[in-house]
Amino acid sequence: MLLNSKIPEGPLTDKWTKHKFNIKLVNPANKRKYDIIVVGTGLAGASASASLAELGYNVKAFCFHDSPRRAHSIAAQGGINAAKNYQNDGDSVFRLFYDTIKGGDYRSREANVYRLAQVSVNIIDQCVAQGVPFAREYGGLLANRSFGGAQVSRTFYARGQTGQQLLLGAYSALSRQVANGKVQIFPRTEMLDLVKIDGKARGIVTRNLITGKIESHSAHAVILATGGYGNVFFLSTNAMGSNTTAAWRAHKRGALFANPCFTQIHPTCIPVSGDHQSKLTLMSESLRNDGRVWVPKAKGDKRKAKDIPDNERDYFLERKYPSFGNLVPRDVASRNAKEACDEGRGVGPTGLAVYLDFRDAIQRDGKNTIEAKYGNLFEMYEKITGQNPYEMPMMIYPAIHYTMGGLWVDYNLMTNIPGLYATGECNFSDHGANRLGASALMQGLADGYFVISYTIGDYLASIPIERINNDHPAFKEAEANVAGIITKLLIIKGTRTVDSFHKELGKVMWDYCGMARNAKGLKFAKEKIREIRAEFWNNVNVVGENEELNQTLEKALRVSDFLELGELMIDDALNREESCGGHFREEYQTEEGEAKRDDENFSYVAAWEYTGDNQPEALHKEALEFENVKLTQRSYK
């Protein structure tokens with residue numbers, strides 16, 4: 001299969017501008033004749049739906065929550081990057097581009113990343129115009145703070161609620177189009193299959209989560225904006241409902257899945273406290289601006305933090321990476337925290353935690369200043385742990401957070417299936433092997449507000465305007481496929497709960513495909529996942545019926561997809577015999593214990609093709625070419 005990324009010709013700085021001029025346009029009078037389905041109404045989906053409806057297209061937006069306001073985008077706390085250079089500290093579009101390429105360990109496309117940096121400046125203007133209450137300096141200008149992987153302050157924020165405020169801005173734009181009759185929202189509705197006609201995406205099959213009714217919806221194009229697949233690990237910072245089903249069902253219809261092993265471990269998560277937990281809580285990376293990460297120098301030191309003098313503390317990130325200190329990228333911070341705990345220097349009752357200490361910042365700037373910056377985050381930490389972070393250090397440990405892998409897309413954000421697009425976290429395109437903090441919100445809004453609204457017209461202008469009715473045989477076949485899977489799950493009547501399978505899968509994934517991986521462990525994990533999957537289809541107990549509100553059935557459908565995706569993640573991690581970003585193969589590391597890339601053999605996007613149930617997936621490679629940055633070993637020292 002030939003992977004045509006459709007990257008425009010010409011200098012990097014001019015590609016997007018020239019591309020917008022060269023692509024086909026849809027006449028304004030014709031836009032109202034085209035129907036577009038958007039699956040997902042988080043930042044990427046809500047912004048895309050609002051933008052496309054504003055242009056005149058007819059949009060159907062699907063969300064499995066009762067309201068788009070409940071999308072997981074609200075959980076993003078720390079901020080959104082943009083190359084505004086308000087601090088006059090040396091930032092630029094090129095520096096944001098370079099930091100993102102380097103942060104991703106040189107495993108993303110130059111052209112996509114540069115476009116992201118370019119449109120970042122427009123995002124802030126758009127959001128301010130919508131009323132997003134970004135923090136401001138004394139003189140009224142928008143404030144910025146630093147984030148991991150950068151030596152400039154480019155992160156705009158609204159206290160610790162940035163994602164929520166940005167989503168409310170996008171939701172207001174979306175609501176305007178709902179009132180105008182250009183967007184129809186389908187809440188509590190989940191996509192369970194993609195419908196292709198003549199090789200093109202022409203609709204979806206859904207299940208109403210209240211009634212269980214299976215329905216078909218047709219359109220001229222389908223946009224997936226369904227987030228990432230971090231919940232394959234069971235314990236993650238993702239919302240409980242976050243899943244891979246829409247993207248995975250599209251994959252089984254022919255959409256390539258790219259770099260599935262590229263998953264991000266976030267270093268500042270509240271540590272696991274016991275088997276009772278169903279998810280983990282993230283503490284914003286913004287806390288690393290003022291918090292200092294440390295562990296005791298001596299192994300097994302169980303004294304209280306306040307009783308350990310400075311000369312017996314190891315501020316290990318500051319020691320090892322003096323240039324970036326506590327603001328090294330997430331993958332670097334996470335691995336170093338794990339290393340300290342593996343050495344027996346971890347803190348807390350489990351020993352699987354390190355301190356994030358604000359003592360010095362409070363002494364330097366005063367409690368009121370720290371409270372103004374992070375007050376709601378401190379309150380959240382205290383409610384969960386019962387400890388006051390103003391008086392004692394927070395305890396943190398790495399956890400699964402974001403997924404850089406996703407559906408393969410070209411420069412236009414279209415998958416290899418004509419008419420099927422993927423935006424935001426559910427595509428692979430911008431972050432390589434590691435995402436820098438505050439870049440998820442940037443990508444979601446860039447894709448939704450400023451990219452898809454241009455590029456989708458190039459496709460629509462080349463296909464007939466005539467609508468396809470959802471009584472077409474392709475829709476009936478897809479409906480029967482969905483109904484068959486549901487029936488199969490309901491008749492098993494086994495002895496194990498859905499959650500027990502999900503937990504077992506998650507532990508295997510975390511232990512063998514988490515912060516560190518090796519060939520022996522990955523091969524074991526592959527066989528173990530096959531065993532779990534076989535037992536799932538023979539012994540899972542899905543209570544209730546389809547024609548009702550049935551959350552056990554919802555979970556079972558999602559876990560069945562996670563089981564298949566988990567095996568593909570293992571295959572991808574085994575195939576990539578190098579270390580890069582969040583993919584750390586223990587066999588491939590430098591003498592200092594840093595990730596060691598193999599640019600000669602693995603400077604490519606791994607795009608996997610589904611070939612049938614229980615069949616090995618076919619690997620296709622898109623070569624990555626770097627004309628504007630030099631491939632070097634990452635250094636944050």
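Residues numbered from 1 in each chain as written. Predicted model: local features only at pLDDT ≥ 70, side-chain atom pairs only at ≥ 80, totals over all residues. Heavy atoms only, no water.

**Q** Which parts of the structure should I look at to understand the overall build of the protein chain?
**A** If you tally the helices and strands in the protein chain, you get 17 helices and 20 strands. In terms of overall dimensions, the protein chain is globule-like: its C-alpha atoms have a radius of gyration of 24 Å, near the 26 Å expected for 637 residues. When burial is assessed residue by residue, the protein chain has 62% of its 637 residues classed as buried. Residue pairs in contact within the protein chain that sit at least 24 positions apart in sequence constitute 74% of those at least 6 positions apart. For the protein chain, the accessible surface area stands at approximately 24000 Å², while carbon and sulfur atoms represent 49% of it. (Helix = DSSP H or I, 4+ residues; strand = E, 2+ residues; numbered from the N terminus. Rg over C-alpha atoms; globule rule 2.2 N^0.38 Å. Buried < 20%, exposed > 50% of the residue type's maximum accessible area, 1.4 Å probe, protein only. Contact = heavy atoms within 4.5 Å. Areas by Shrake-Rupley, 256 points an atom, 1.4 Å probe, with all protein chains shown as cover.)

**Q** Would you mind showing me how to read the sheet that holds strand β19 (residues 604–609) here?
**A** Read from one edge to the other, the open sheet built from 4 strands follows the order β17-β11-β19-β20, with strand pairing classed as antiparallel. The sheet is open, and its two edges are formed by β17 (406–407) and β20 (618–623), each paired on a single side. By the bridge criterion, 2 bridges tie strand β11 (residues 257–258) to β17 in an arrangement that is antiparallel. Looking at β17, one finds that alanine 258 is bridged to glycine 406. Sitting on the sheet, helix α16 (residues 551–575) touches β11, β19 and β20, and the angle it makes with β19 is about 145°. (Pairing = 2+ DSSP bridges. Axes fitted to C-alpha atoms, helices over the stretch in contact; angles between N-to-C directions.)

**Q** What am I meant to see in the sheet that holds strand β8 (residues 200–208) here?
**A** The strands making up a sheet are joined through hydrogen bonds of the backbone, oriented either antiparallel or parallel. Sheet architecture is open: 3 strands sit in the order β7-β8-β9, paired in antiparallel fashion. Here the strands that pair on one side only, and so sit at the sheet edges, are β7 (189–197) and β9 (214–218). Along the sheet, successive strands turn relative to each other by an average axial angle of 30°, direction set aside. Sheet strands in contact with helix α13 (residues 473–490) are β7, β8 and β9, and its direction is about 140° off that of β7.

**Q** Is there a simple way to think about the domain arrangement of the protein chain in this case?
**A** Accessible area lost when the parts come together is the quantity often used to give the size of an interface. Each domain of the protein chain was delimited in the assignment, giving domain 1 (266–401) and domain 2 (473–594). One C-alpha centre belongs to domain 1, the other to domain 2, and the line joining them spans 31 Å. On the side of domain 2, 7 residues touch domain 1, which itself brings 10 residues to the contact. Between domain 1 and domain 2, a total of about 770 Å² is buried, with carbon and sulfur atoms accounting for 61% of that surface. Counting across the interface, domain 1 meets domain 2 through 0 salt bridges. The interface formed by domain 1 and domain 2 contains 2 residue pairs in polar contact (both at pLDDT 80 or more). Those elements that provide at least two residues to the side of domain 1 that touches domain 2 are α9 (330–342) and β16 (394–403). Of the residues belonging to the side of domain 1 that touches domain 2, the class tally is 5 nonpolar, 1 polar and 4 charged. (Domains from an automatic or database assignment. Buried area = accessible area lost by both parts, 1.4 Å probe. Salt bridge = Lys/Arg side-chain N within 4 Å of Asp/Glu carboxyl O. Polar contact = N/O pair within 3.5 Å; in protein donor to acceptor, adjacent residues only side chain to side chain. Nonpolar A, V, L, I, M, F, W, Y, C, P; charged D, E, K, R; others polar.)

**Q** Honestly, unusual backbone geometry in this entry has me stumped. Any pointers?
**A** Among all residues save glycine, negative phi is the norm, and among peptide bonds the norm is trans. Residues other than glycine seldom take positive phi values, yet asparagine 85 does so here, at roughly 60°. Mapped onto the fold, asparagine 85 is located in the loop between β3 (80–81) and α4 (93–103). In this structure, asparagine 259 takes a positive phi of about 50° despite not being glycine. For asparagine 259, the position within the fold is in the loop between β11 and β12 (263–269). Judged by its relative accessible area of 1%, asparagine 259 is buried.

**Q** I tried to follow the packing of aromatic side chains on my own but got confused; where do I start?
**A** Each aromatic ring pair is summarised here by two numbers: the centre-to-centre distance and the angle between the ring planes. Evaluated as defined, the whole model comprises 23 aromatic pairs. For the ring pair phenylalanine 602 and tyrosine 604, a centre distance of 5.9 Å and an interplane angle of 35° mean the geometry is tilted. Of the two residues examined, phenylalanine 602 and tyrosine 604, each falls in the buried class. Pairwise contacts between aromatic rings join Phe358, Tyr374, Phe378 and Tyr390 into one cluster. In this arrangement the basic side chain of arginine 115 is found over the ring face of tyrosine 411, its NZ or CZ atom lying 4.1 Å from the centre. A cation sits over an aromatic face here: arginine 576 above tyrosine 604, 5.1 Å from the ring centre. (Phe/Tyr/Trp six-rings, centres within 6.5 Å; stacked < 30°, edge-to-face > 60°. Lys NZ or Arg CZ within 6 Å of the ring centre and 35° of its normal.)

**Q** Even after reading the chapter, I still don't get the side chain of threonine 162, so can you show me in this structure?
**A** Position of threonine 162 among the secondary structure elements: in helix α6 (residues 162–179). Only 3.2 Å separates the side chain of threonine 162 from the backbone nitrogen of alanine 158, close enough to count as a polar contact. With residues up to four places along the chain from it excluded, the contact list for threonine 162 reads Ala76, Gln77, Gly78, Gly79, Ile80, Phe156, Tyr157 and Leu441.

**Q** Any chance you could explain the side chain of glutamate 567 here in plain terms?
**A** Within the secondary structure, glutamate 567 is located in helix α16. Looking at glutamate 567, its side chain comes within polar contact range of the side chain of arginine 533, at 3.1 Å. Dropping the residues within four chain positions of it, glutamate 567 is found in contact with Lys526, Ile529, Arg530 and Arg533.

**Q** Explanation requested: the pattern of salt bridges in the structure shown.
**A** Should the charged atoms of two oppositely charged side chains come close, the side chains can pair. Taken as a whole and assessed by the stated rule, the structure comprises 55 salt bridges. With a closest N to O distance of 2.8 Å, aspartate 193 and arginine 253 form a salt bridge. Note that aspartate 193 is positioned in strand β7 and arginine 253 in the loop between α7 (245–252) and β11, a separation of 60 residues in sequence. Salt-bridge contacts for glutamate 339 lead to lysine 320; the nearest nitrogen and oxygen are separated by 3.5 Å. Here glutamate 339, found in helix α9, pairs with lysine 320, found in helix α8 (residues 316–320); they are 19 residues apart in sequence, far enough to count as distant. Glutamate 339 gets classed as partly exposed once you look at its relative accessible area, which sits at 34%. Shared partners join several salt bridges into a network, and the residues in it are Asp105, Arg107, Asp331, Arg335, Arg576, Glu578, Arg597, Asp599 and Arg634.

**Q** Looking at this structure, how should I read the environment of alanine 71?
**A** Examined against the element boundaries, alanine 71 turns out to sit in the loop between β2 (58–62) and β3. Measuring from C-alpha to C-alpha, the distance between alanine 71 and threonine 41 comes to 6.7 Å, with 30 residues separating the pair along the chain. The contacts of alanine 71, once residues within four sequence positions are left out, are Thr41, Gly42, His65 and Leu167.

**Q** Can you walk me through the environment of leucine 574 in this structure?
**A** Position of leucine 574 relative to the elements: it lies in helix α16. For the pair formed by leucine 574 and lysine 520, sequence separation is 54 residues and the distance between their alpha carbons is 9.4 Å.

**Q** Mind showing me how you'd approach the nonpolar core here?
**A** Generally speaking, nonpolar side chains in soluble globular proteins are found buried as a group. Ile80 and Leu460 are the most contacted members of the largest nonpolar core, which has 184 residues in total. For this core, the leading source of residues is α16, giving 12 residues. Taken domain by domain, the makeup of this core includes at least three residues from each of domain 1 (266–401) and domain 2 (473–594). Residues contacting leucine 460, with those up to four places away along its chain left out, are Val26, Tyr34, Ile36, Tyr57, His220 and Ala221. (Core = buried A, V, L, I, M, F, W, Y, C linked by side-chain atoms within 4.5 Å.)

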